[in-house]
Structures are given as structure tokens and as C-alpha cells.
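If you want the building blocks of each chain, they are given just below.
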Amino acid sequence: MSIRRPSIDRLHKLASANHFSIGSEEEGSYTALFDHILEQYDALEASPVSQSVPPTRDPGHRPAPHENFCNSFVRKLSIRGASEGPLHGKRIGIKDNISIAGVPMTCGSDVLEFTPQQDATIVSRLLSAGAEIVAVVNMDNLAFSGAGDTSAHGPTRNPHDETRLAGGSSGGSAAALLSGEVDITIGGDQAGSIRIPASWCGVVGLKPTYGLVPYTGILGYDLTFDHTGPMARTAREVAETLAAIAGKDPLDPRQREVTVVDYVGALDRKNLSGIRIGILREGFGTAGSEPDVDATVLGAAKALETLGATIIEVSYPGHAKAGPIVWGVFAEGVTATFQGNGHGHHWDGAYNPELSQAFGTGMQERGDRMPLQAKFNLMLGTYLREDYQGRFYAKAQNMRAALRAGYDMLLEQVDILLMPTTPMKAHIYNPDQSPEELVLAGWNMVANTAPFNMTGHPALSVPCGTSAGLPVGMMLVGRKFEDEKLLAVADVFERASA
């Protein structure tokens, strides 16, 4: 197939988009140059691509409302893995931005229309471990909210109170775990999107150490802070899943040196003797915090002390000042990825040309259907790039090292940092919010979660109690590639609380 050659009018528009102009006397030269160089693209288009034949699978179905617990499911299906393995018999729900070959992926949006031809790396690993994939689970529209109310498939309700929200963007990953139909789910986390719904729904959610779990085959935001990880009702199930999906993937540019340990073997401690836990002062009393949430988490810290842990208070003022770094990286990073058709550029790894085309076409043809959060972010990122030439993104990226070092200094004094996962309990669903209220309510719970997307430290949300009938999450943060210590503490706490 021959690549379309641009018209004369298009040549002028292309020049204008790049801040220069061409004269009428140059039009012929540019036309000839395009025709000559695009012959190489004709050859590229005709080149065969070597890839495995995608499996033939039943893509499942969109469940009716009466069979869709808390609207947490986008599709129900059955893809059976190996006949034996550490996850044999486990039913898995996959977030709607993770590729499952032969199963439509929407990213919670009606902008994207795409059916992957290959499994994401973690999907392949789950199936190899014997798991059965039984669902695609709901998520916020293009993952732009932490509340759970923006999906094109409808809001994900909170299993403990359906007038409230499950949280986001991995809201379906959390709520589905309480349906009785799913044992384990996979979520994604760029600013807290695993840990927020885990906290609000009362399940366990791990944002692993950056790069520990491959992100290949998952629609992301920015290579420097994309994370994916397991969610379940218990720390043991999270550990079992992490053991199956962690490890080096040569197709993922996020990974450098990856340290994998025995996550399941780290469990079953008798007590927490020898574990030093630091209560991070700046993680409490944050903007929008509810006193009962802080009190419940502090009560859990006392319980950890009775289990043998050494509890001390620690302070890092940089934690409370991380917001500008988060925004500095987030707005322009996400904008570049979206304007780069869901992939961006300048990295060595596995690209998906079909996803690029589907994403780019959807943005061009149905961009008006994006959620308000996405529209605002793209406007903001474009403004900062065009009017300030990307210097805020560059500055924020450089500041991440100092933020990371501040936590690392604390983690020399203690093994684990402790704080509330979110400042508040689950939001009440309010479909009548103004656009400004909707956008801000989707981002007002990330003060404790988002900094660790910037630093890459592992962070685990563990249910630690309830208040007014709603779950409260305690977040444990550890040293890089010491995810097993977080899981071990959570396991001891769970067994003592049972």
C-alpha cells in the first residue's frame, strides 16, 4: 500500500505546526522530497512483521446490570492457563488497559476501539502459572481519576456502600475482589491507582518497586512512573501473584537491574520482632484528611508494636512538598505519550503499531469523548510545552533524585514507613458535580500515594480497620526491591486481626 503524499495545503500546515513557513517557490522541492523519502515508508509498510499467531479466544461478554457486582466488570470470559502451577485454580481479573489477545480493550473509554493480538507479558506469566482469566475489570476513563466515577462503562460502586465510589483508576480491580467471582486482580498505578481503590474497598494492593513487574503490553502514561501490580483479599495472594509476574522482561525499557526474591517464603513470620517501622509525620493531617482515618491508622501502628515491631516517629518535610514534582512530571509526560499515540518515542522495547493507530485514530475522531480530566491535562501539558518549552518537566524530573534520597535516608533508620493510604474514606458518588468539582475530586486523595510513583519505592495498602462502616487503608513503604518485607508485615497483621 502506498503512503499518501501530502497536498500543497498540507505542506504549509505542516510547516506552520513546526513554527516556520515555506514560500511558493519551495513547494515543488518539498513535494519532490516527500515523494522520494516516502518511498522508504512504502517499503516499511510492505515489510512483513514476524510475530506469533494470536490465539483464538472467546472474547466474553458485557455483563448485564444484575450480574455486574458494583459495576466492576467490563467483560466476563474464561481463558484457562496451564493445567498446573502456583496459581492454578485462581480466578484473575485484568484491568481494562492491559492487553489480552483476542479480547477488546477500551481503557474505560469510548475513545479507543482496539483488540490486541498479543498478550501483555504479565498476562502470559499469569497463564503460565496456571491461573484462569475470568474478567476484564472496570477503570476510570483513560485512567485519569482516582475516584472511580469517570468510566465510559459507568462508575464503579463501593462494595461496602453503593452510594460511594470504589476509587480509581483501578476501581474495578478492587471492587471485583468482593464479588465472590474473582480471587486476584491486576491494577495499574501512576499516582496511586492501585492503592487508592484498595484502601477504599478494603483489599490489599501493591504498587511494586518500579520496574519489578514488566509493563509490556499495557497502555501507560510515562515510562518513568508507570507501575502495574497485584491486588487481592490477602497479602499471601498478592505475594503468590507477585512471584508469578515479577522479573526481567527484555521488551520493557522501564527495567534495569531487577532483583527478585522469594515473596511467598517471606511470609508466616511468628511476629514482627526486629522490624523497625517509622510513622511518617507528614503523612498525617494532610489536606482533606479525616481525623478518623488518621486515628485508625495510628491504632494499627500500635497493633504492629504489640506484634513485636519497633515503632518510631520520623519526619521528612519533602513528603509534603512533593506535589509540584508530581505535577511537573505528570502533566507534560502524559501529554507527550497521548500525543505520541499512546506510545511516545525514544525508547527501546516492544511497540504495538496497531495500538498506536487505534489510539491515534480514536483521539482524532472521538477526542471530544475524553473525560474532563484528560482534556484539562492535555491542555495543560501542551501549554507548558509550547509556552515554557518543557523546562518544568525537565526541572521536576531532576528534582526526583532529591525526593528519592530523602526517603532513602529515612529508610536507613527504619525498615518501613507507615501512613494512611488516602486522607479520607471513600467518596460519595455525586453525578451532579460541576466540571471543576469533578476534576479536583478525582485528584484530592493522592498526597501520600503519588510521591512514591516518582521515587519508585514499593508501597502496599493494607486494610487496617473501619470507620462508620467504611474501610481504612494503611500504607507501608519500603526500600527498593524489598517488597517482601511489606508483604510479611501485612501477613502478620492480617493473621493477628483475623
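Residues numbered from 1 in each chain as written. Predicted model: local features only at pLDDT ≥ 70, side-chain atom pairs only at ≥ 80, totals over all residues. Heavy atoms only, no water.

Chemist: Can you lay out the overall build of the protein chain for me, pointing to particular residues and giving the numbers?
Modeler: Scanning the protein chain for helices and strands turns up 15 helices and 13 strands. Computed over the C-alpha atoms, the radius of gyration of the protein chain is 23 Å, within 12% of the 23 Å expected from 2.2 N^0.38 for a compact globule of 498 residues. By its C-alpha atoms, the protein chain is 80 × 50 × 45 Å across when sized along the principal axes. Expressed as a percentage of contacts within the protein chain between residues at least 6 apart in sequence, the contacts between residues at least 24 apart total 75%. As presented, the protein chain carries roughly 20,900 Å² of accessible surface, and 53% of it is formed by carbon and sulfur atoms. Side chains of the protein chain give 41 positive and 56 negative charges; the mean places of these two sets differ by 5 Å. (Helix = DSSP H or I, 4+ residues; strand = E, 2+ residues; numbered from the N terminus. Rg over C-alpha atoms; globule rule 2.2 N^0.38 Å. Contact = heavy atoms within 4.5 Å. Areas by Shrake-Rupley, 256 points an atom, 1.4 Å probe, with all protein chains shown as cover. Lys, Arg positive; Asp, Glu negative; His and termini not counted. Charge placed at Lys NZ, Arg CZ, Asp CG, Glu CD.)

Chemist: Outline the pattern of salt bridges, listing residues and values.
Modeler: All chains considered together, the criterion is met by 25 salt bridges. The partner of R5 in a salt bridge is D42, with the nearest N and O atoms 3.1 Å apart. Of this pair, R5 sits in the segment before α1 (8-17) while D42 sits in helix α2 (residues 27-46), and the two are 37 residues apart along the sequence. According to the relative accessible area criterion, R5 is partly exposed, its value standing at 29%. You can call D42 buried: its relative accessible area is 18%. Across the pair K425 and D292 runs a salt bridge whose closest N-O atoms are separated by 2.7 Å. With K425 in the loop between β11 (416-420) and α13 (435-441) and D292 in helix α7 (residues 291-306), the pair connects residues that are 133 residues apart, well separated along the chain. (Salt bridge = Lys/Arg side-chain N within 4 Å of Asp/Glu carboxyl O. Buried < 20%, exposed > 50% of the residue type's maximum accessible area, 1.4 Å probe, protein only.)

Chemist: An account of the environment of G333 is requested, with residue identities and associated values reported.
Modeler: Mapped onto the fold, G333 is located in helix α9 (residues 323-339). As for G333 and D415, which are separated by 82 residues in sequence, their C-alpha atoms are 32 Å apart. Beyond its immediate chain neighbours, meaning those up to four positions away, G333 contacts Y221, D222 and Y393.

Chemist: Break down the state of the cysteines for me, citing the residues and quoting the values.
Modeler: Counted according to the given criterion, the structure contains zero disulfides. Considering cysteine sulfurs only, C70 is the nearest to C201, which forms no disulfide, with 7.5 Å between them. In this structure C464 is not part of a disulfide, and its nearest cysteine sulfur, from C201, lies 15 Å away. On the basis of relative accessibility, which here comes to 12%, the residue C464 falls in the buried class. (Disulfide = S-S within 2.5 Å.)

Chemist: Got a sec to walk through the UniProt feature "domain: Amidase" (unreviewed entry) in the protein chain? Specific residues and values, please.
Modeler: UniProt's feature table lists "domain: Amidase" (unreviewed entry) at residues 81-487, given in the numbering used throughout. Between the C-alpha atoms that bound residues 81-487 the distance is 26 Å, and the span itself is 34% helix and 16% strand. (UniProt positions renumbered as here; feature names shortened; annotations may be inferred.)

Chemist: Can you explain unusual backbone geometry? Please cite residues and give values.
Modeler: Residue S169 follows G168 across a cis peptide bond; omega there is -5°. Looking at where S169 falls in the secondary structure, it is placed in the loop between β5 (161-165) and α4 (171-175). At A143, a residue that is not glycine, the phi angle is positive and equals roughly 65°. Tracing the backbone through its elements, the reader meets A143 in the loop between β3 (132-137) and β4 (157-158). Of the residues examined, A143 reaches a relative accessible area of 13% and is grouped as buried. Backbone geometry at D268 places phi at a positive 70°, although glycine is not the residue there. Turning to its location among the elements, D268 is positioned in the loop between α6 (235-245) and β9 (276-280).

Chemist: Help me get a handle on the side chain of D183, residues and values and all.
Modeler: Looking at the secondary structure, you find D183 in the loop between α4 and β6 (184-189). From its side chain, D183 meets the backbone nitrogen of R91 in a polar contact 2.8 Å long. Contacts of D183, omitting those with residues within four sequence positions, involve G89, K90, R91, L177, A232, R233 and E237. (Polar contact = N/O pair within 3.5 Å; in protein donor to acceptor, adjacent residues only side chain to side chain.)

Chemist: Quick one: what's the story with α9, residue by residue and with numbers?
Modeler: Here α9 contains 17 residues, and its C-alpha end-to-end distance of 24 Å stays within 8% of the 24 Å for a straight helix at 1.5 Å per residue. For α9, a buried count of 12 out of 17 residues is recorded, marking the element as mostly surrounded by other parts of the structure. Among all positions in α9, only I325, V326, G328, V329, F330, A331, E332, G333, V334, T335, T337 and F338 are buried. Tucked into the core, α9 has its buried residues touching α10 (353-366), α11 (372-388), α12 (391-413) and α14 (451-455). At the C-terminal side of α9, N341 shows a positive phi close to 60°. (Expected span 1.5 Å × (residues − 1).)

Chemist: Tell me about the environment of R236, residues and numbers included.
Modeler: Locating R236 in the fold gives a position in helix α6. Discounting chain neighbours no more than four positions away, the residues touching R236 are V264, L267 and D268.

Chemist: I'd love a proper account of the pairing of strand β1 (residues 73-80), names of residues and values included.
Modeler: Among the eight residues in β1, six count as buried, and that is most of the element. Alignment of β1 against β3, held across five bridges, turns out to be antiparallel. Bridge pairing in β3 links K76 to A135. (Pairing = 2+ DSSP bridges.)

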